[in-house]
Amino acid sequence: MSVPFNFATSIESALQSAATSLELDLSLFAPEVRTADPRHGDFQANGVLPYAKRTQQNPRALGEKMLAALPAELLAEFDVAIAGPGFLNFTLKPATLDRWLTTYATEDSLREGARASQAEAGQTFIVDYSSPNTAKQMHVGHLRSIVIGEAICRLLDFAGAKVIRDNHIGDWGTGFGKLIWAYKRHLDAAALEADPLEEFERLYKVGNKAADEDESVLEAARQELVKLQGGDEENLAIWKRINEVSLEAFQKIYDQFGVKFDYTLGESFYNDKVGQVYQELSDLGLAEESEGALVVFHPEHPRFHKQPFLVRKSDGAANYASTDLATLLYRTEHFGADASIYVIDSRQSDHCEQLFLTAKKWFEKTNRKLPRLEHTSFGTVLGENNKPLKTRSGENIKLRDLIDEATERAAQLVATKSGELPADEQAKIAEIVGVGSVQYADLSQNRSSDYVFSWDKMISLEGNTAAYLLYAVARIHSIFRKLAIDPSDAAALAAADTLETPTELALARKLAKFPDALRAAVTPLRPHMLCLFLFELAGEFSAFYSADKVAVDEPNVRARRLRLCARTLLLLETGLHLLGLRTLKRM
Ligand code: ARG
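This structure is a prediction, so every number in the text was calculated from the model and none was measured.

J.: Tell me about the UniProt feature "short sequence motif: 'HIGH' region" (unreviewed entry) in the protein, residues and numbers included.
T.: Here, UniProt's "short sequence motif: 'HIGH' region" (unreviewed entry) annotation points to residues 132-142. Strand forms 0% of residues 132-142 and helix 0%; the C-alpha atoms that close the span are 7 Å apart.

Below is the structure:
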């Protein structure tokens, strides 16, 4: 008999069919299956109680009826009990756990399971993340979009979605006038070679200052911008160079986080596509002229009835809103997007809300199918003083410096923990632990909240940290190394007996909840749900490993314990890779 990948979803569909056979009003019934407090079993269904209340029945009696109507296949897998006022508690039978462990023994089989059970499978998701403005360095404020965005892409991909990674860079700002003015007069070629973004930032400051002090410079800079927008060859070439060099510098950071974009379609790409937006929105009566600008009011909205969405500036130029509207149309028509996901700071929530509201009306009136639109927002990285994280002197922390410091600090940890390893191996471990710690500290937080950045908490072997999990992975590798067995060698583990001890069973129960943790991370795009699972899994593993000796003489006992080690390793590695981390065999 085949075993379900996700037990929670299989219970949900069994409850749905029980509800159908009992002729319940399905519009009022939601099975609501959740991972349970381990004292009450593995999964709990909470949907009976609210249904009984709404239909004025005795919840317990309804629970009994549901139980009796459950399909036999489900009852073969679980022990089911009614608790309290009609909760149904499901406990996996040891034999079911065995079969789950045997079936989902490789990353491929897990992926297949995920694809068969997740609704995202087969859907095209455009994930818009990182998306910095060019000609500037990325600083700590750019961290979260990169790290969260990449994890979301990997999670969606694992669930079978077609993922398109799009870096929607800001490459068409009005700042280019001043920058080009300064570039033509004050460029320091050696500085450009050494650190291009530093040089562009310096040039921009030079241009800005000169324009502030001298009207004629301001006018000259304006002319440079007009020339650029008019397609002047020299200015276009400078602008192109600035963007290319910026992207090259960004890519160095992306490489450290394992990020590779499919497309980098920045604001400039939509230059020739905003005209259609103005035209359609005006023709449909959604946009109107106001003081020379083109704006969209949302009369039904408490704020946006007064505070419109500005889609074309009064000087006729496109802006952030017009390019975003054109972008959405392009994603829908060119890529056939089913979903467009915006991994942007929560401070842009008004922009996103206005964008989505406008798009909804626009697409409705033009009979276009609106993709799922999601502002996957995140809070701010704070310093110990609870204010946005800055250097001591009050400047933004460059992302590059942050990664370097993480690696240095991780090197100290590695030196104390694994000082016997060769220096080059220590350096490699430090890089993986350092970068992974920065990623994991960010991902393990609920993305909606701000969080306080703390090196000590982040690069620690204790707590819900990257180092703790990477160490758990390395430790399991060392168990296999000592026994000279390859963890992926299923044949060596085939003779495994049925699970027996409480710690074996507790670990197996945790392993079998991976699909539910994956679902909790993928569906609402919340990677911290997977972090929490991995942390708890590592804890269960430790408890098992200190209670049950693995290298025992009885071959079957040894095989079943080794199998638990192998599956824990598989899920920890798969999970960490889904979050964007690299793992180590030795640490
Ligand atoms: N470049 C923008 C910024 O730095 C973020 C762009 C996000 N993506 C988008 N489609 N609006 O704030």
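J.: Account for helix α15 (residues 349-365), naming residues and giving values.
T.: Over its 17 residues, α15 runs 24 Å from end to end, which matches the ideal 24 Å to within 8%, given 1.5 Å per residue. Among the residues of α15, those classed as buried are Q354, L355, T358, A359 and W362. Projected down its long axis, α15 carries its buried residues within an arc of 130°, all on one side. Exposed side chains of α15 directed beyond 90 degrees from the buried face belong to S349, K360 and E364. Those residues of α15 that are buried lie in contact with α13 (274-283), β8 (293-296), β9 (309-312), α14 (320-333) and β11 (372-375).

J.: Which residues make up the sheet that holds β8, and what are the values?
T.: Judged by pairing direction, the sheet is antiparallel, and its three strands sit side by side in the order β7-β8-β9 without closing on themselves. Of all strands in the sheet, those bounded by a partner on one side alone are β7 (287-290) and β9. Strand after strand, the sheet turns through a mean of 40° between neighbouring axes, direction not considered. Of the pairings in the sheet, the one linking β8 to β9 comprises three bridges and is antiparallel in character. Each residue of the ladder has a partner; that of L294, found in β9, is R312.

J.: Hey, could you go over the pairing of β7 for me, with residue numbers and the actual values?
T.: Judged from the four bridges that link them, β7 and β8 form a sheet pairing that is antiparallel. Note on β8: the bridge partner recorded for S290 is A293.

J.: Describe in detail the environment of G575, supporting the description with residues and values.
T.: Position of G575 among the secondary structure elements: in helix α24 (residues 555-578). Along the chain, G575 and F514 lie 61 residues apart, while their C-alpha atoms are 9.0 Å from each other.

J.: Tell me about the nonpolar core, and please be specific about residues and values.
T.: Among the nonpolar cores identified, the biggest contains 120 residues, and I152 and L572 are the most heavily contacted of them. Ignoring any residue separated from it by four or fewer positions in sequence, one finds L572 in contact with L469, A472, V473, L534, L537 and A538. With 18 residues, the next largest nonpolar core counts L294, F309, A318 and L325 among its residues.

About the cut-offs
Residues numbered from 1 in each chain as written. Predicted model: local features only at pLDDT ≥ 70, side-chain atom pairs only at ≥ 80, totals over all residues. UniProt positions renumbered as here; feature names shortened; annotations may be inferred. Helix = DSSP H or I, 4+ residues; strand = E, 2+ residues; numbered from the N terminus. Expected span 1.5 Å × (residues − 1). Buried ≥ 20, exposed ≤ 12 C-beta atoms within 10 Å, placed from the backbone. Arc of directions from axis to C-beta. Contact = placed C-beta atoms within 7 Å. Pairing = 2+ DSSP bridges. Axes fitted to C-alpha atoms, helices over the stretch in contact; angles between N-to-C directions. Core = buried A, V, L, I, M, F, W, Y, C linked by C-beta atoms within 7 Å.

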